[in-house]
Amino acid sequence: MLTTAFVDLPPLQTAGGTITLPGSKSISNRVLLLAALCQGTTTLHDVLDSDDTRVMLAALTTLGCRIAQTGNTVVIEGLGGQPAQKQAHLFMGNAGTAIRPLTAALALMGGSFELSGVPRMHERPIGDLVDALRQLGCQIDYTGKDGYPPLHIGQPQLKLDAPIKVRGDVSSQFLTALLMALPLVAKQAIVIEVVGELISRPYIEITLNLLARFGIQIQREGWQRFTVPAGCQYQTPGTLYVEADASSASYFIAAGAIAKSTTGTKSIKILGLGADSIQGDIRFIEAAQAMGAKVSSGPNWLEVSQGQWPLKAIDLDCNHIPDAAMTLAVMALYAQGTTTLRNIASWRVKETDRIAAMACELRKFGATVVEGADFIQVTPPASPADWKTGSIHTYDDHRIAMCFSLAAFNPAQWPVRIEDPKCVAKTFPDYFEALFSVVQTAPEHIPVICVDGPTASGKGTLAAQLASQLGYHLLDSGALYRITALAAAQAGLALNASGEDAIANMAARLNIAFKNDQVWLDGAEVTEQIRLEATGMQASQVSALSKVRTALVALQHSFRRLPGLVADGRDMGTVIFPDAPLKVFLTASAEQRAQRRYKQLISKGNPTTLDSLRADLEARDARDMSRSASPLKPAQDALLMDNSNLSIEESVNQVLTWWQDKQPF
Ligand SMILES: Nc1ncnc2c1ncn2[C@@H]1O[C@H](COP(=O)(O)OP(=O)(O)OP(=O)(O)O)[C@@H](O)[C@H]1O
Ligand SMILES: Nc1ccn([C@H]2C[C@H](O)[C@@H](COP(=O)(O)O)O2)c(=O)n1
């Protein structure tokens, strides 16, 4: 997962490949709770691992439920209708799919429970559910603001004869919560009457479908009246597979519709759900098709490619796909004409006020946006020249981060900045990694920051920190020369012109792997070995051989991957990435460098002397600078930085400032 302050998406061009999506949040949290409420053991496969499901799992564990988790498989020993702990404080984060059904279940079972969440959760209404539960005799108090969490739940005095009325026009989760919890107390039939027009009906269908899998057959009259049958009891289905998340699929369906196909790979194939999914957001496919997407499907898969282009504007009631409809709003940027998405009032009470947020962020691209109480209307920029770009504020809302990543396909080829990308952890922690695995762009669009300079100037330290702060890949090109030198020395080759052909041959076929902070050569860990001063000197020797340098070029280019690269070495800016938008030539006095290396080696327990180190590094620099093949020198357009008197933090901040100065946002 990207944990950086922002991620800059380079302009994207094509899409193609196969992706397996994480499990559905709606299904995961429902089945976790149902498995906890019933008697017996349930094994749930492909469960989503995200912030919201962790909130549910933590709450169930606190309530005394025995849960074993291995990867995405969760085995739950049900509580059999009563929590083992009758007193608890449960932190619900910002997980609406956790707090609502848990409130209902705990209020009916009774005890003494505090339910609270993040500040935004305390702004999300729950009053309609509490009102419904109070009709049943549940004891629920607001401990903050009336109508909103946090809540205190006490011991109920249940009266279940009269039909329960619940509002259905603010959130369907209130009805879901009652439907999931009432079987706990259904000694007699219990009737729920929905007041107002029920929104987001497909989510109720998921609830009914999953309840049926757990042995509860709810009787439904239209969308206004639901009966929980007398004497019904949760029964474990034993094993259950969670479908991939249909809302998460919307970003990849949209990418397939917007992007040109990659040559040879015709489309994006999405694994984990098919068009027959039980999730309401699967109907996003129809909306995407109406806009021009070409979609085919089979058991557990979807395949999407560009159909009509430009996309067609639509005017759609989105009540049935409230979450995925946000993706349509970004697709509208690529449509001819004005797209209107209606009946989306529920957006206003989600993770943020999504109508206001979407309007504000879409305007950053030059779109004309009209917003109303329950609709949004998007007219794209008139021509590629009218497109602008921006830094997308994400409001701690995973869907805003994910859907705006699609703006990186803009025809003006602007990069797009997404702030706080880790907010996707709510439902899709590895969203950006997944996106980068199925979208492509020309290498010259992928930014590279080059850091070249002499030995022990701090290149590696600087490059690693830049990469970590920008979420970029890292190329330590010196390590490649060090590994080559080690392999050559181990093979007994002469590290000079007489061994050049053999070493170059070997360099072209190196079997290396970088795993976390470890370096592996031919299945053996060589992390410490390649960092020895002696290996550095040998690396300097083999790096003077031009055939060896040529043999390592393709490998170095292969590190240029989305979303960007920081590369450190001697010839990054001059030879390997001459088109890099930022080249830094880092120096420090020989005295400073010798002292830094001295401290580094002594702290690792490697005895040495300052004088010998200084002599070695000066000899190494002299060879690196004087060789005929790609000598160490600043690129013509490099920015020079002498960090003799700068701290690491100051050096990093200086380069980040230079980098920011080059951005359009
Ligand atoms: N600005 C700085 N101030 C003080 N110490 C620094 C600074 N930058 C780096 N260092 C320290 O100097 C040592 C050498 O840094 P680093 O290994 O990053 O250099 P390098 O240029 O990559 O070396 P080499 O080319 O030999 O791989 C490290 O211990 C690092 O923590
Ligand atoms: N791009 C590069 C990177 C490294 N080398 C050579 C020269 C160095 O002395 C040696 C070890 O590099 P270090 O790990 O100290 O950065 O490898 C090069 O020629 N070109």
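Structural data are supplied above this passage.
Please read these numbers as outputs of a predicted model, since none were measured by experiment.

(A) Region of the structure containing the overall build of the protein. Across its full length, the protein holds 23 helices and 36 strands. In terms of overall dimensions, the protein has a C-alpha envelope of 95 × 55 × 45 Å along the principal axes. For the protein, the proportion of its 665 residues judged to be buried stands at 57%. Taking all contacts inside the protein whose residues are at least 6 apart in sequence as the whole, residues at least 24 apart take part in 76%. For the protein, the exposed surface amounts to about 25500 Å²; the carbon and sulfur share of it is 50%. Each charge sign in the protein was given a centre, from 57 positive and 63 negative side chains, and these centres are 2 Å apart.

(B) Spotlight on the site of ligand 1. Every one of the 20 residues lining ligand 1 counts as a neighbour, but Lys459, Gly460, Thr461, Arg597 and Leu646 are closest to it. Take Arg596: an N or O atom from its side chain is 3.4 Å from a nitrogen atom of ligand 1. Here an oxygen atom of ligand 1 and a side-chain polar atom of Arg597 are 2.9 Å apart. The protein chains hide 80% of the 630 Å² of surface that ligand 1 would expose on its own. For the shell around ligand 1, the residue count by class is four nonpolar, nine polar and seven charged.

(C) A look at unusual backbone geometry. In this model, Pro149 is joined to Pro150 through a cis peptide bond whose omega is 5 degrees. Here Pro150 is to be found in the loop between strand S9 (140-142) and strand S10 (151-153). Residue Pro563 is bonded to the preceding Leu562 through a cis peptide linkage, with omega at 5 degrees. Its place among the elements puts Pro563 in the loop between helix H19 (553-557) and strand S34 (565-569). In this structure, Asp46 takes a positive phi of about 60 degrees despite not being glycine. Examined against the element boundaries, Asp46 turns out to sit in the loop between strand S4 (41-45) and helix H2 (51-62). By relative accessible area, which is 41% here, Asp46 ends up partly exposed.

(D) Up close: the sheet that holds strand S29 (residues 448-452). Read from one edge of the open sheet, five strands run S30-S34-S29-S35-S36, paired in parallel fashion. Edge positions in the sheet fall to strand S30 (473-476) and strand S36 (639-642), since each has one partner strand and no second. On average, each strand axis in the sheet is inclined to that of its neighbour by 20 degrees, with strand direction left out of account. When S29 meets S34, the two strands line up parallel, connected through five bridges. Of the residues in S34, the one forming a bridge with Ile449 is Val566. Of the strands in this sheet, S29, strand S35 (582-587) and S36 touch helix H23 (residues 648-661), which is tilted by about 165 degrees from S36.

(E) Broad picture of the pairing of strand S11 (residues 164-167). Residue alternation in S11 divides its side chains into a buried set, Ile164 and Val166, and an unburied set, Lys165 and Arg167. Where S11 meets strand S12 (residues 190-195), four bridges bridge the pair, whose relative direction is parallel. The residue of S12 that forms the bridge with Lys165 is Glu193. Taking the sense of rotation as the criterion, the β-α-β connection linking S11, helix H5 (residues 173-181) and S12 turns out right-handed.

Definitions and cut-offs
- Residues numbered from 1 in each chain as written.
- Chains lettered and ligands numbered in written order.
- Predicted model: local features only at pLDDT ≥ 70, side-chain atom pairs only at ≥ 80, totals over all residues.
- Heavy atoms only, no water.
- Helix = DSSP H or I, 4+ residues; strand = E, 2+ residues; numbered from the N terminus.
- Buried < 20%, exposed > 50% of the residue type's maximum accessible area, 1.4 Å probe, protein only.
- Contact = heavy atoms within 4.5 Å.
- Areas by Shrake-Rupley, 256 points an atom, 1.4 Å probe, with all protein chains shown as cover.
- Lys, Arg positive; Asp, Glu negative; His and termini not counted.
- Charge placed at Lys NZ, Arg CZ, Asp CG, Glu CD.
- Near = heavy atom within 4 Å.
- Polar contact = N/O pair within 3.5 Å; in protein donor to acceptor, adjacent residues only side chain to side chain.
- Nonpolar A, V, L, I, M, F, W, Y, C, P; charged D, E, K, R; others polar.
- Pairing = 2+ DSSP bridges.
- Axes fitted to C-alpha atoms, helices over the stretch in contact; angles between N-to-C directions.
- Right-handed = clockwise from strand over helix to strand, strands pointing away.

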